[in-house]
Amino acid sequence: DAGITQSPRHKVTETGTPVTLRCHQTENHRYMYWYRQDPGHGLRLIHYSYGVKDTDKGEVSDGYSVSRSKTEDFLLTLESATSSQTSVYFCAIQQGAGVNYGYTFGSGTRLTVV
Amino acid sequence: GDSVTQMEGPVTLSEEAFLTINCTYTATGYPSLFWYVQYPGEGLQLLLKATKADDKGSNKGFEATYRKETTSFHLEKGSVQVSDSAVYFCALSDQGDYKLSFGAGTTVTVRA
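One structure accompanies this document, and this report is about it. Please read all numbers here as calculations on a predicted model, not as lab measurements.

This next bit is on the state of the cysteines. Counted under the stated rule, the structure contains 2 disulfides over all chains. Each sulfur of the disulfide joining C23 of chain A and C91 of chain A lies 1.9 Å from the other. Taking the sign of the S-S torsion, about -75 degrees here, the bridge from C23 of chain A to C91 of chain A comes out left-handed. Highlighted residues: C23 of chain A in strand β3 (residues 19-25) and C91 of chain A in strand β9 (residues 87-94), separated in sequence by 68 residues. Classification of C91 of chain A as buried rests on a relative accessible area of 0%. Through a disulfide, C23 of chain B is tied to C90 of chain B; the S-S separation comes to 2.0 Å. On the sign convention where negative means left-handed, the S-S torsion of about -70 degrees between C23 of chain B and C90 of chain B marks this disulfide as left-handed. Within this pair, whereas C23 of chain B is found in strand β4 (residues 23-26), its partner C90 of chain B is found in strand β10 (residues 86-93), the two being separated by 67 residues in sequence.

This part is about the nonpolar core. Judged by nonpolar contacts, the single largest core of 26 residues is most densely connected at W35, F73, L75 and Y88 of chain B. Examining the composition of this core, we find that 4 residues originate from one element, β10 of chain B, more than from any other. Ignoring anything within four residues of it in the chain, the contact list for Y88 of chain B reads Q6, I21, W35, Y36, V37, L47, F62, L75, G105, T106 and V108 of chain B. Counting 19 residues, the second largest nonpolar core, distinct from the first, contains W34, I46, F74 and C91 of chain A.

Rules of the game
- Residues numbered from 1 in each chain as written.
- Chains lettered and ligands numbered in written order.
- Predicted model: local features only at pLDDT ≥ 70, side-chain atom pairs only at ≥ 80, totals over all residues.
- Heavy atoms only, no water.
- Disulfide = S-S within 2.5 Å.
- Helix = DSSP H or I, 4+ residues; strand = E, 2+ residues; numbered from the N terminus.
- Buried < 20%, exposed > 50% of the residue type's maximum accessible area, 1.4 Å probe, protein only.
- Core = buried A, V, L, I, M, F, W, Y, C linked by side-chain atoms within 4.5 Å.
- Contact = heavy atoms within 4.5 Å.

Spelled out as structure tokens, the structure:
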């Protein structure tokens, strides 16, 4: 299985502060994704990347930015955290090119904005 | 746009009962379909997939058949165990677009 780790696993932060979540993979998979999970909404795509310095917005990208300066790392930044961004954040990688490949997910980061 | 609709939960069953979770989709192209499972405190894991019409995906006793005529991909298991308690997500990936679209998830609890 592809190694994918997220850090931190849990974080509590104050409204208005910037927060960065990290996703690290141990294999050179090209496609990486950030989702948030909220009750009743399933998973919603925030941003994704299809290579170093190649990123694009998902359906709920407002208030978030991403960076990918190395293949193995995909960072998600909340520029100024708000209570509506309290959620569980999942990173995922796609292990092949094409629609037939599913994702491998990290264990998630539980973020609480107070 | 693409979307996935799952039956609402939560679903509570007794051990050895039959489980069905309905999933229907809308897509502009010819999608691949997936079921993911999330056990408590963990990330999502791929349970099974089907990539073309009439394909049957299967894993761990779960099955789902890609029905293009009814745009459905219902998940079934004939005899559930307590260890099947989890949240189940239906998802699709449309042609030319690697992104996955997820349903809202169905929470399943199996009682001993």
